[in-house]
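# Coordinates in review
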Amino acid sequence: QVQLVESGGGLVQAGGSLRLSCAASGRTFSSYAMAWFRQAPGKEREFVAGISRNGGATYYADSVKGRFTISRDNAKNMVYLQMNSLKAEDTAVYYCAAHRIVRTQEEFYDYWGQGTQVTVSS
């Protein structure tokens, strides 16, 4: 069982930066690949970024590649999403999720956080 709690969302101007954090409970955190998804109003939830269990491999949606960076600290049971050069279209609720391996499809993920709102003003 893994419980996930996101934090770090907020309101930021276009071009600005935010760092999201996801705290995981449980002693098996390093057994899970982690991912960030987001859901904008009226849209389906979409994959943003993923990271392998040991952090050696990362994956990004084309829309955020070069602007966002996913990282993890297994000693602290934390995963992060550094978001730079934010755009209005990045506005969404951001969720972290855990699964055995990184998948881009949300239906594979076993555990989800409650989400944190990111709003980018243009």
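Residues numbered from 1 in each chain as written. Predicted model: local features only at pLDDT ≥ 70, side-chain atom pairs only at ≥ 80, totals over all residues. Heavy atoms only, no water.

### A closer look at the overall build of the protein
Helix and strand counts for the protein come out as 0 helices and 11 strands. By its C-alpha atoms, the protein is 40 × 25 × 25 Å across when sized along the principal axes. Each of the 122 residues in the protein was classed as buried or not, and the buried ones make up 44%. Restricting to contacts in the protein with at least 6 residues of sequence separation, those with at least 24 account for 57%. (Helix = DSSP H or I, 4+ residues; strand = E, 2+ residues; numbered from the N terminus. Buried < 20%, exposed > 50% of the residue type's maximum accessible area, 1.4 Å probe, protein only. Contact = heavy atoms within 4.5 Å.)

### Let's talk about the pattern of salt bridges
The tally for this structure, following the rule as stated, stands at 5 salt bridges. Across the salt bridge formed by Arg 38 and Glu 46, the nearest N and O atoms sit 2.7 Å from each other. For Asp 62, the salt bridge identified is with Lys 65, shortest N-O distance 3.1 Å. Here Asp 62 falls in the exposed class, since its relative accessible area comes to 67%. Overlapping salt bridges, with partners in common, bring together Arg 38, Glu 46, Arg 67 and Asp 90 in one network. (Salt bridge = Lys/Arg side-chain N within 4 Å of Asp/Glu carboxyl O.)

### Details of the pairing of strand β11 (residues 116-121)
Side-chain alternation along β11 places Thr 116, Val 118 and Val 120 on a buried face and Gln 117, Thr 119 and Ser 121 on a face that remains uncovered. Sheet topology places strand β2 (residues 10-13) next to β11; 4 bridges connect them, and they run parallel. Paired with Gly 10 across the two strands is Val 118, which belongs to β11. As paired strands, strand β9 (residues 92-99) and β11 are joined by 3 bridges and run antiparallel to one another. Within β11, the position partnered with Ala 92 by the bridge is Val 118. (Pairing = 2+ DSSP bridges.)

### Notes on unusual backbone geometry
For Asn 77, which is not a glycine, the phi torsion comes out positive at approximately 55°. Tracing the backbone through its elements, the reader meets Asn 77 in the loop between β7 (68-73) and β8 (78-83).

### Details of the packing of aromatic side chains
Within the structure shown, the criterion is met by 6 aromatic pairs. Consider the rings of Phe 37 and Phe 47, whose centres lie 5.7 Å apart with planes at 80°: the pair is edge-to-face. Of the two residues, Phe 37 sits in strand β4 (residues 33-39) while Phe 47 sits in strand β5 (residues 46-51), which places them 10 residues apart along the sequence. There is no split in this pair, since Phe 37 and Phe 47 are both buried. On the basis of an interplanar angle of 75° and a centroid distance of 5.1 Å, the ring pair of Phe 37 and Tyr 109 is categorised as edge-to-face. Here Tyr 109 lies in the loop between β9 and β10 (111-112) and Phe 37 lies in strand β4, a separation of 72 residues in the sequence. Taking the relative accessible area as the measure of exposure, Phe 37 reaches 0% and is therefore buried. (Phe/Tyr/Trp six-rings, centres within 6.5 Å; stacked < 30°, edge-to-face > 60°.)

### So, the nonpolar core
Across soluble globular proteins, nonpolar side chains have a tendency to be buried as a group. Judged by nonpolar contacts, the single largest core of 30 residues is most densely connected at Leu 4, Met 34, Trp 36, Leu 81, Met 83 and Tyr 94. Among the elements of the structure, β3 (18-24), β4, β5, β7, β8, β9 and β11 are those that each provide at least two residues to this core. Each residue touching Leu 81, except ones within four places of it in the same chain, is listed here: Leu 18, Arg 19, Leu 20, Trp 36, Val 48, Ala 49, Phe 68, Thr 69, Ile 70 and Tyr 94. If you look at the next biggest cluster of nonpolar residues, it comprises 7 residues, including Ala 35, Ala 97, Val 102 and Tyr 109. (Core = buried A, V, L, I, M, F, W, Y, C linked by side-chain atoms within 4.5 Å.)

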